[in-house]
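# Geometric and topological summary
The lines below spell out each chain.
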Amino acid sequence: MKKIILILTLIFLASSAYAISWSQLKSWGNKTLEPDVKYNIETEGYNVRVYEFTPISDPGSTCVMTFTNEKMGMFCFNKSKEAIRKE
């Protein structure tokens, strides 16, 4: 009886481990950064989502990420002095 329970437990653990992707395991302890601003851009035929955030390693910069159903892009630049003062 103990062997059956052990085998069933191992099967359950193996199937549960398979459900977790490698990328989820690699990022298990990472911080989640909320965007400073997020919005959609009205376009015809595309759902463009935009996220602006301040990188933790460079608070004087802003990064903008765009996502559509097909592509993703990112651009980072130094904040202007006016933007830094507003924070």
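This one's a predicted model, so the numbers in the text were calculated from it and none came from an experiment. Position numbers for residues start from 1 in each chain and track the written sequence from start to end. Two thresholds apply to this predicted model, a pLDDT of at least 70 for residue-level local features and 80 or more for giving and counting side-chain atom pairs, whereas whole-chain, interface and lining totals are computed over all residues. Values reported for side chains reflect all heavy atoms of the structure, with hydrogen atoms and water molecules removed beforehand.

### Some remarks on the overall build of the chain
- Comment: elements are numbered from the N terminus, with helices defined as DSSP H or I runs of at least four residues and strands as E runs of at least two. Scanning the chain from N- to C-terminus turns up three helices and four strands.
- The order of helices and strands in the chain, counted from the N terminus, is α-α-β-β-β-β-α.
- The buried share among the 87 residues of the chain stands at 13%.
- Contacts are assigned to residue pairs with any non-hydrogen atoms lying within 4.5 Å of each other. The contacts of the chain with a sequence gap of at least 6 include a subset with a gap of at least 24, amounting to 5%. Buried residues are those whose accessible area, probed at 1.4 Å on protein chains only, stays under 20% of the maximum for their type, while exposed residues exceed 50% and partly exposed ones sit between those limits.

### Observations concerning the pairing of strand β3 (residues 61-67)
- The buried fraction of β3 is high, at five of seven residues.
- Sheet topology note: the strand β2 (residues 47-53)/β3 ladder contains five bridges and is antiparallel. Across the sheet, Phe53 pairs through a bridge with Cys63, a residue of β3.
- By the bridge criterion, seven bridges tie β3 to strand β4 (residues 72-78) in an arrangement that is antiparallel. Of the residues in β4, the one forming a bridge with Ser61 is Asn78.
- In this scheme, strands are said to pair when DSSP sees at least two bridges between them. Between β3 and β4, which pair antiparallel in sequence order, lie four residues.

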